[in-house]
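Chains, contacts and geometry: an overview
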Amino acid sequence: MHIRPIRSDADHEDALREIETLWGAEEGTEAGDRLDVLVTLAETYERRRWPIEPLDPVQAIEAAMETNGYTRAQLAALIGQSRATEILGRRRGLTLPMIRAISQAWHVPAGVLVQDYALTGR
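Since the model is a prediction, treat every value here as computed from it, not as a measurement.

Counting its secondary structure elements, the chain contains seven helices and zero strands. Along the chain, helices (α) and strands (β) appear in the sequence α-α-α-α-α-α-α when read from the amino end. A compact globule built from 122 residues would reach a C-alpha radius of gyration of about 14 Å, whereas the chain, at 22 Å, exceeds it by more than 25%. Taking the principal axes of its C-alpha atoms as reference, the chain extends roughly 60 × 30 × 20 Å. The proportion of buried residues among the 122 residues of the chain is 29%. Contacts spanning at least 24 positions in sequence make up 57% of the contacts within the chain whose residues lie at least 6 apart. On the chain, the mean spot of the 14 positive side-chain charges and the mean spot of the 19 negative ones are 14 Å from each other.

Moving on, we come to unusual backbone geometry. Excluding glycine, residues mostly carry a negative phi; peptide bonds, for their part, are mostly trans. The backbone of Arg-90 sits at a positive phi, close to 60°, despite the residue not being glycine. Among the structural elements, Arg-90 can be located in the loop between helix 5 (81–88) and helix 6 (96–106). Unusually for a residue other than glycine, His-107 sits at a positive phi of about 60°. Mapping His-107 onto the fold places it in the loop between helix 6 and helix 7 (110–113).

The subject of this paragraph is the environment of Tyr-117. Secondary-structure assignment places Tyr-117 in the segment after helix 7. Given the relative accessible area of 17%, Tyr-117 is considered buried. Sequence spacing of Tyr-117 and Gln-81 is 36 residues, and the spatial spacing of their C-alpha atoms is 21 Å. A distance of 3.2 Å separates a polar atom in the side chain of Tyr-117 from the backbone nitrogen of Leu-94.

Further remarks concern the packing of aromatic side chains. Per the counting criterion, the structure on display carries two aromatic pairs. Aromatic pair Tyr-45 and Trp-50: ring centres 6.0 Å apart, planes at 90°, arrangement edge-to-face. Accessibility expressed as a relative area gives 7% for Tyr-45, which makes it buried. A residue is classified by how much of its surface remains accessible, and Trp-50, at 41% relative accessible area, is partly exposed. Seen from their ring centres, Tyr-70 and Trp-106 are 4.2 Å apart, and the 10° between their planes marks the pair as stacked. Of this pair, Tyr-70 sits in the loop between helix 3 (57–68) and helix 4 (72–79) while Trp-106 sits in helix 6; the two residues are 36 residues apart in sequence, bridging distant segments of the chain.

Scoring rules and cut-offs
- Residues numbered from 1 in each chain as written.
- Predicted model: local features only at pLDDT ≥ 70, side-chain atom pairs only at ≥ 80, totals over all residues.
- Heavy atoms only, no water.
- Helix = DSSP H or I, 4+ residues; strand = E, 2+ residues; numbered from the N terminus.
- Rg over C-alpha atoms; globule rule 2.2 N^0.38 Å.
- Buried < 20%, exposed > 50% of the residue type's maximum accessible area, 1.4 Å probe, protein only.
- Contact = heavy atoms within 4.5 Å.
- Lys, Arg positive; Asp, Glu negative; His and termini not counted.
- Charge placed at Lys NZ, Arg CZ, Asp CG, Glu CD.
- Polar contact = N/O pair within 3.5 Å; in protein donor to acceptor, adjacent residues only side chain to side chain.
- Phe/Tyr/Trp six-rings, centres within 6.5 Å; stacked < 30°, edge-to-face > 60°.

Taken by themselves, the reported measurements are silent on function.
This is how it looks when you write it as structure tokens:
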């Protein structure tokens with residue numbers, strides 16, 4: 001089994017094509033072992049090449065809105081109209097009652113919402 005490191009986007013594309021052909025290979029077979037190694041190499045390359053930054057609380061709320069189709073009106077129903085506008089505009093920080101309401105209703109982890117984040121100061 002000749003496998004080489006993934007050092008470039010072209011190498012990554014080649015690995016993904018081979019992973020696709022090996023997909024579903026039985027565990028413990030030569031093809032299955034090759035698949036495991038290639039997936040590990042591809043995942044490592046992807047984490048280095050395209051790191052995912054953790055979301056701040058406002059980004060987490062916006063992601064929940066986009067992913068689940070929630071609207072600003074629904075956020076306003078949870079925390080109040082003016083508060084929703086101020087939070088999304090980064091003019092006001094989240095309070096503990098707001099964090100609890102958003103976390104419970106939208107299943108956004110409270111641990112993400114309690115983090116410090118930059119406000120605009122306006």
